[in-house]
Amino acid sequence: MRLVRHPVLCNYYVTYRCNAKCSFCDIWEKPSPYIQLADVEQNLRDLKRLGVSVVDFTGGEPLLHRQLPEFLGLARELGFITTVTTNGLLYPKYAERLRGKVDMLHFSLDSADREQHDRGRGVACYDFVLESIRVAKELGERPDILFTVFRQNLDQLEAVYRDITQPNGLMLLLNPAFEYNAVDAGERLTEAELDYLSAFGKRPGVYLNEAFIELRRDGGNHVAAPVCRAASTTLVISPQNELVLPCYHLGAKSFPIEGKLHELYRSEPVQQLAALEGRLPECEGCTINCYMQPSFAVETSKYFWQALPSTLKYNWYKGTWKRMLTR
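Residues numbered from 1 in each chain as written. Predicted model: local features only at pLDDT ≥ 70, side-chain atom pairs only at ≥ 80, totals over all residues. Heavy atoms only, no water.

Q: Honestly, the overall build of the protein chain in this entry has me stumped. Any pointers?
A: In terms of regular secondary structure, the protein chain is built from 14 helices and ten strands. For 327 residues, the compact-globule estimate of 2.2 N^0.38 gives 20 Å, and the protein chain sits close to it at 19 Å. Oriented by its inertia axes, the alpha-carbon framework of the protein chain measures out at about 50 × 45 × 40 Å. Put simply, the protein chain has 327 residues, and 55% of those count as buried. By sequence separation, contacts in the protein chain at least 24 residues apart represent 74% of the contacts at least 6 residues apart. On the protein chain, the mean spot of the 38 positive side-chain charges and the mean spot of the 40 negative ones are 6 Å from each other. (Helix = DSSP H or I, 4+ residues; strand = E, 2+ residues; numbered from the N terminus. Rg over C-alpha atoms; globule rule 2.2 N^0.38 Å. Buried < 20%, exposed > 50% of the residue type's maximum accessible area, 1.4 Å probe, protein only. Contact = heavy atoms within 4.5 Å. Lys, Arg positive; Asp, Glu negative; His and termini not counted. Charge placed at Lys NZ, Arg CZ, Asp CG, Glu CD.)

Q: Just checking my understanding: could you explain the packing of helix α6 (residues 157–165) against helix α7 (residues 191–200) for this structure?
A: Between two packed helices, both the angle of their axes relative to each other and the distance between the axes serve to describe the pair. Interhelical geometry of α6 versus α7 gives an angle of 15 degrees and a closest axis separation of 12 Å. As summarised for this structure, α6 and α7 are arranged roughly parallel, according to the angle between their axes. The way α6 lies across α7 gives a crossing that is left-handed. Between α6 and α7, the contacting residues are Leu157, Glu158 and Tyr161 on the first element and Tyr196, Leu197 and Phe200 on the second. The residue makeup of the contact of α6 with α7, split by class, is five nonpolar, no polar and one charged. (Axes fitted to C-alpha atoms, helices over the stretch in contact; angles between N-to-C directions. Parallel < 35°, antiparallel > 145°, perpendicular 65-115°, else oblique. Left-handed = near helix turned anticlockwise from the far one by under 90°. Nonpolar A, V, L, I, M, F, W, Y, C, P; charged D, E, K, R; others polar.)

Q: Looking at this structure, I do not really get the packing of aromatic side chains. What am I missing?
A: Aromatic ring pairs are defined here through the distance separating the ring centres and the angle between the ring planes. In this structure the tally under the stated criterion is 13 aromatic pairs. An aromatic cluster of three or more residues is present, and its members are Tyr12, Phe57 and Phe71. Residue placement shows Lys30 over the ring face of Tyr16; its charged tip is 5.2 Å from the ring centre. A cation sits over an aromatic face here: Arg142 above Tyr317, 4.5 Å from the ring centre. (Phe/Tyr/Trp six-rings, centres within 6.5 Å; stacked < 30°, edge-to-face > 60°. Lys NZ or Arg CZ within 6 Å of the ring centre and 35° of its normal.)

Q: Can you help me understand the nonpolar core in this one?
A: Ranked by internal contacts, the top residues of the largest apolar core, which has 64 residues, are Phe57, Tyr91, Leu172 and Leu174. Per-element tally for this core: the top contributor is helix α5 (residues 126–138), with five residues. Setting aside residues no more than four positions away along its own chain, Phe57 makes contact with Tyr12, Val14, Leu44, Pro62, Leu68, Phe71, Leu72, Ala75, Thr83 and Val84. Among the nonpolar cores identified, the runner-up in size contains 19 residues, and Tyr16, Cys228, Met292 and Phe296 belong to it. (Core = buried A, V, L, I, M, F, W, Y, C linked by side-chain atoms within 4.5 Å.)

Pasting the structure below:
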């Protein structure tokens, strides 16, 4: 049963440019402009009309955009929950300007071993993550550590939890890797490794959406009976100010927004493509977390019930439920 019939999330790409070269991502390879303030102002107003509650300013590396604090400020003024994920390279420089504007601030860290983390990220950023933690805590911020889990770094979970997140009072977010044009993503997690990850996710101070694990056990999305609701739950806006459907990773078609996001989203061509969410041939086996998370949240299914405890756990910890209730 569908519980919510309007989009709840916007993945707003401020630029595809990045100052890292992660082995498991190809976004940084794309030439890209930067989004414009006037477009952001209009789009945020339209997102509000469409019922969106969370805006994820993403990239590339979102802190490469010098106007990111202004975007976040506008979003907060309109009542959105805001989220930013960064590799930490620029956070110490811009931390003061970002202060109090990000509800969910994530620092990417994939190992407690400096060399292993930096090798996967293609740039020396481990020390910057640790410095970002220190600076954020001094400013009274409550960042999280986002750990992208592969087979080759699964053994690092314990050390990151013991030596970094727990001593600093941070939430450890477990992000099981998905296959997307991966150059060095490693093999899929085995059943035993999924069991280990599931058990680890039940620890205090750890967030793991258990539905991510179940979806992988089930072989991902299946086009004959799709669980993906990417296009109807999530609006993807590109740095070129285009609406991308059905999701960024598939990107079957882009529609110029031209100051009319509300009308564009409700237009027949967009809705016809949105209706194919999870049903296109490329959607078979998909497990992309950032689209499955909202998909699980909008309709009752076994994934909804498996996702619910971890979602409540994280929102209670972050206090975002209070802002949701007062929007």
